[in-house]
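Reading the structure
So you can see what is in the structure, the chains are spelled out below.
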Amino acid sequence: MDFNDQIESSGDEEEITAEAVLKTLYNAWQNERLSPEILPHCNEMVECMLGQIQHMERNINKLPKTDLRASIHKMELSRIKYIICNYLRARLCKIEKHCIPIINEERQRIESGTNYLTPSEYKYAQEYLLNMEGHFKSVVLDKVPGNMQTFEMNKMAIYPNLQSHVFLKANETVNGVVLDLPGEQDEEIDLEEGSQHILLYKPVADLVKSGKVQLI
Amino acid sequence: MDPYEIEFIGENRLVSVIPNFTYDKIYLICGEFGPFRAGLPMNVPLWLAVMLKQKQKCRIVPPDWMDIDALETIKEAEKTSRFFTKMPNEHYMVEAKLILGAAAEDIPRAGEIKTIIKDIWDIRMSKLRTSMDTLMKSGGSYGRLDHLTMMEINSVKPLLPSAMDDLLRIQSMAKKTIQPSLNTSSFSQSGSSQNI
Amino acid sequence: MDNNYLSISDILVTNEKVPCKFLHDLPKMGFLDPSAAEDDLKAGSNVEIPLWLSESLYSRRPPLVSVELPKIYKDAYREILNADACTVDMHKLGQYFYEFGCYISKHDIKGEVGSTLINTFRQRFRMLLSASVSRDSLIALQPLSASERQRASAASKTEQALLDWLHSGDCVLTTANMVANHRKRKRAEMEMV
């Protein structure tokens with residue numbers, strides 16, 4: 001379940017059902033909430049779902065207000081809107097917190113066409129950094145001696161902690177995940193389909209991004 | 001995550017209801033449900049079941065596992081096993097709480113069922129505490145936790161993962177024994193390196 | 001335990017004092033030693049200075065100071081910690097025991113500080129477990145170090161959120177739970193003393 005694959009398949013004229021899009025959004029939301037670093041965006045899925053919601057809202061408006069179906073649909077839409085908002089908000093939180101490394105890494109990813117951020121998220125990140133710099137300058141740096149006035153971006157960077165532990169469930173069997181443990185011998189483990197583990201995020205980051213495992 | 005968010009995820013599971021009204025199929029984004037035939041059981045997501053129940057539009061059919069004998073067996077197995085046993089439902093607590101909350105009158109012996117589910121939960125939670133301590137003492141860098149439900153896993157966050165993070169950090173700092181740094185500003189830079 | 005540049009806790013940790021021996025005469029630096037009467041700091045003076053300063057003096061070539069272990073990391077305390085780390089009041093003896101220890105461990109020639117840190121952390125984990133379900137949180141939190149306190153209070157927030165959830169709505173699933181936790185806590189406390 002690579003996000004990019006799905007983007008392509010959604011380009012092939014609505015091959016994918018709304019139900020499948022919703023499922024993908026649920027997984028993306030859960031992963032984004034639980035992973036230490038920002039994950040590749042799934043904007044196509046979000047846009048697609050927002051389209052569905054609009055369409056549905058128009059239809060609901062045609063129903064009488066007291067119609068049971070209207071209240072069921074409204075309830076479902078509120079649930080989906082919650083997921084989408086919470087997903088986007090989780091991403092903004094990470095963008096703000098890890099602004100500097102995200103922008104640096106994103107620059108390289110844009111060159112190779114593997115960007116993680118949507119264009120508007122990227123713009124948000126850049127503006128956030130500018131605001132932060134401006135704020136630091138006006139509050140502190142402009143008032144200290146000349147040789148201390150530079151905004152040292154690399155020192156200010158807060159990196160996501162990829163050496164943090166996460167819970168996951170294997171969507172498919174993945175053999176030979178290498179846990180490199182400090183000072184001990186590397187340990188290799190197998191993630192059988194359906195099994196659950198707590199382990200270091202870094203060795204499984206790619207598996208999260210490719211959908212082979214789900215953070216729980 | 002907040003327990004309510006886990007509940008929210010659990011609410012997507014299908015349960016069986018018996019509507020007291022007749023209606024065409026309804027086309028939701030999460031799938032099609034119906035047609036609704038008064039008196040005939042059908043599957044809907046839990047959130048919808050609870051909503052219909054609150055509007056007095058249906059009865060909820062007790063899930064297979066919500067049965068005293070079945071639960072007694074599970075409880076015994078959970079008590080005797082060193083490991084976590086597989087629950088009949090990966091959101092058993094959410095399902096129990098919502099169904100017994102909204103539709104207790106639809107569930108035979110609801111009071112007893114509530115008690116026994118609570119017992120199973122308590123046994124598992126205390127086992128979870130013991131296994132966390134064992135995990136930290138025996139290594140603290142990796143653990144397998146099959147059959148734990150999301151609500152249970154969530155109850156040890158952030159404590160367990162953050163303790164494992166801390167331990168890893170101490171291990172990697174402590175293992176770097178004497179390693180003279182060559183420039184005078186090494187100290188202030190240590191703050192910006194990623195893997196400390 | 002985050003070490004980023006703006007981390008207040010890291011700033012506090014690096015502000016802790018370490019005993020150092022100055023290896024060279026340092027003109028005009030006598031003010032570092034409160035007991036010195038002269039303007040210059042003499043080689044051989046023993047002075048306690050903040051970690052951020054000792055680290056940069058130590059990393060000079062040649063080093064200007066040699067760093068000694070603060071007492072909590074020395075043999076006597078290490079023996080107590082290795083025997084039963086849960087009896088130690090870290091709040092009194094080393095608020096930043098682990099974080100400070102990580103910086104300090106490189107000055108430990110025998111390389112034993114590292115394993116004491118790890119062992120202590122592993123043993124004391126159960127104190128965090130019992131503090132997180134304790135309702136006398138003040139008592140349970142008292143002997144914990146600053147970072148342990150943080151971890152324990154985050155854990156009790158989780159615990160509280162879970163209890164709130166179990167309590168909410170029409171199906172209350174908690175009363176027995178609270179009693180169980182209470183009993184468990186009592187037992188845990190007994191084990192600790």
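Source: prediction; values computed, not measured. (Residues numbered from 1 in each chain as written. Chains lettered and ligands numbered in written order. Predicted model: local features only at pLDDT ≥ 70, side-chain atom pairs only at ≥ 80, totals over all residues.)

1. Section: the overall build of chain C
Scanning chain C from terminus to terminus reveals nine helices and three strands. Starting at the N terminus, the α and β elements of chain C follow one another as α-β-β-α-β-α-α-α-α-α-α-α. (Helix = DSSP H or I, 4+ residues; strand = E, 2+ residues; numbered from the N terminus.)

2. As for the overall build of chain B
For chain B, the count of helices and strands is eight helices and six strands. Mapped from its N terminus to its C terminus, chain B presents α and β elements in the order α-β-β-β-β-α-β-α-α-α-β-α-α-α. Looking at chain B alone, contacts between residues at least 24 apart form 69% of all its contacts between residues at least 6 apart. (Contact = placed C-beta atoms within 7 Å.)

3. Some remarks on the packing of helix α4 (residues 68–97) of chain A against helix α6 (residues 119–139) of chain A
Residues and elements named next belong to chain A. In contact at an axis separation of 9 Å, α4 and α6 are set at 35° when each is read in the N-to-C sense. The handedness of the crossing between α4 and α6 comes out as right-handed. Judged by residue contacts, R91, I95 and E96 of α4 engage E121, Y124, A125 and Y128 from α6. Considered class by class, the residues forming the contact of α4 with α6 number four nonpolar, no polar and three charged. (Axes fitted to C-alpha atoms, helices over the stretch in contact; angles between N-to-C directions. Left-handed = near helix turned anticlockwise from the far one by under 90°. Nonpolar A, V, L, I, M, F, W, Y, C, P; charged D, E, K, R; others polar.)

4. Comments concerning the environment of Y92 of chain B
Residues and elements named next belong to chain B. In this structure, Y92 sits in helix α4 (residues 92–102). For the pair Y92 and P158, spaced 66 residues apart in the sequence, the C-alpha separation amounts to 22 Å. Not counting residues within four places of it along the chain, the set of residues in contact with Y92 comprises M87 and T149.

5. Digging into the nonpolar core
The biggest cluster of nonpolar side chains holds 100 residues, and the ones touching the most others in it are A49, I99, A163 and I170 of chain B together with L128 of chain C. Sorting elements by how many residues they give to this core places helix α7 (residues 159–175) of chain B first, with nine residues. I170 of chain B has contacts with Y98, C102, L117, I118 and F121 of chain C, leaving out every residue within four places of it along the chain. L22, C48, I80 and Y87 of chain A belong to the second largest nonpolar core, which has 13 residues in total. (Core = buried A, V, L, I, M, F, W, Y, C linked by C-beta atoms within 7 Å. Buried ≥ 20, exposed ≤ 12 C-beta atoms within 10 Å, placed from the backbone.)

6. Here we look at helix α3 (residues 43–62) of chain A
Residues and elements named next belong to chain A. Here α3 contains 20 residues, and its C-alpha end-to-end distance of 29 Å stays within 8% of the 28 Å for a straight helix at 1.5 Å per residue. All buried positions along α3 are accounted for by E44, M45, C48 and M49. Taken end-on, α3 shows its buried residues confined to a sector of 125°, consistent with a single buried face. Facing away from the buried side of α3 by over 90 degrees, the exposed positions are G51, Q54, E57, R58 and N61. (Expected span 1.5 Å × (residues − 1). Arc of directions from axis to C-beta.)

7. Focus on the confidence of the model for chain C
For any part of a model where pLDDT is low, the fine detail of the predicted coordinates should not be relied upon. The share of residues in chain C with pLDDT of 70 or more is 88%, and the mean pLDDT across the chain is 86. With pLDDT under 50 throughout, residues 188–193 of chain C is counted as low confidence; its partners more than four residues away or in other chains account for four contacts. (pLDDT = per-residue confidence, 0-100.)

8. Focus on the sheet that holds strand β1 (residues 165–170) of chain A
Reading across the sheet, the four strands line up as β5(A)-β1(A)-β4(A)-β6(B) and stay open at both edges, with antiparallel pairing between neighbours. On the outer flanks of this sheet lie β5 (213–215) of chain A together with β6 (143–144) of chain B, each paired with one strand and no other. Bridge count for β1 of chain A against β5 of chain A is three bridges, and the pairing is antiparallel. Within β5 of chain A, the position partnered with L168 of chain A by the bridge is L215 of chain A. Contacting β1 and β5 of chain A, helix α2 (residues 18–34) of chain A runs over the sheet at an angle of about 60° to β5 of chain A. (Pairing = 2+ DSSP bridges.)

9. A closer look at helix α5 (residues 110–138) of chain B
All names here are of chain B. The terminal C-alpha atoms of α5, which comprises 29 residues, lie 41 Å apart, in line with the 42 Å expected from a rise of 1.5 Å per residue. What α5 keeps buried is the set I113, I116, I117, K118, I120, W121, R124, M132, L135 and M136. Within two residues after α5, G140 carries a phi angle of roughly 75°, on the positive side.

10. Observations regarding the pairing of strand β4 (residues 196–200) of chain A
In terms of residue burial, β4 of chain A counts as a mostly covered element, since five of its five residues are buried. As paired strands, β4 of chain A and β6 of chain B are joined by two bridges and run antiparallel to one another. What sits directly across from H197 of chain A, in β6 of chain B, is R144 of chain B.

11. Notes on the interface of chain B and chain A
On the side of chain A, 34 residues touch chain B, which itself brings 30 residues to the contact. Elements that contribute at least two residues to the side of chain B that touches chain A include exactly β2 (26–28), α2 (46–54), β6, α6 (150–154) and α7 of chain B. The element best represented in the side of chain B that touches chain A is α7 of chain B, accounting for eight residues. Residues belonging to the side of chain B that touches chain A are distributed by class as follows: 17 nonpolar, nine polar and four charged.

12. Observations regarding the sheet that holds strand β5 (residues 58–60) of chain B
Residue and element names in this part refer to chain B. If you trace the three strands from one edge of the open sheet to the other, you get β4-β1-β5, paired in antiparallel fashion. The open sheet has two edge strands, β4 (42–45) and β5, and neither has a second partner. Along the sheet, successive strands turn relative to each other by an average axial angle of 50°, direction set aside. With four bridges connecting them, strand β1 (residues 14–19) and β4 associate as antiparallel partners. Residue pairing across strands places S16 opposite N43, the latter belonging to β4.

13. Topic: unusual backbone geometry
Cis peptide bonds are those with omega within 30 degrees of zero, and the linkage from G34 of chain B to P35 of chain B qualifies with 0°. Examined against the element boundaries, P35 of chain B turns out to sit in the loop between β3 (31–33) and β4. A cis geometry characterises the amide bond from R61 of chain C onward to P62 of chain C, with omega recorded as -5°. Here P62 of chain C is to be found in the loop between α2 (51–58) and β3 (65–67). The phi dihedral of R109 of chain B is positive, around 55°, even though this residue is not glycine. With respect to the helices and strands, R109 of chain B occurs in the loop between α4 and α5.

14. As for the confidence of the model for chain B
Residues and elements named next belong to chain B. Confidence along chain B averages 89 in pLDDT terms, with 89% of residues attaining 70 or more. The secondary structure element of chain B with the lowest average pLDDT is helix α8 (residues 186–190), at 34, and the one with the highest is β1, at 98. Confidence drops under a pLDDT of 50 for residues 178–196, and excluding neighbours within four residues, the segment shows 28 contacts in the predicted structure.

15. Focus: the environment of Q54 of chain B
By the element assignment, Q54 of chain B lies in helix α2. For the pair Q54 of chain B and V44 of chain B, spaced ten residues apart in sequence, the C-alpha to C-alpha distance is 15 Å.

16. Describing the packing of helix α5 (residues 97–104) of chain C against helix α6 (residues 113–133) of chain C
Residue and element names in this part refer to chain C. Closest axis-to-axis distance for the α5/α6 pair is 9 Å, and the angle between their directions is 160°. When the axes of α5 and α6 are compared, the pair comes out roughly antiparallel. When you trace α5 past α6, the crossing you get is left-handed. Residues Y98, G101 and I104 of α5 pack against V113, L117 and F121 of α6. For the contact of α5 with α6, the per-class residue count stands at five nonpolar, one polar and no charged. (Parallel < 35°, antiparallel > 145°, perpendicular 65-115°, else oblique.)

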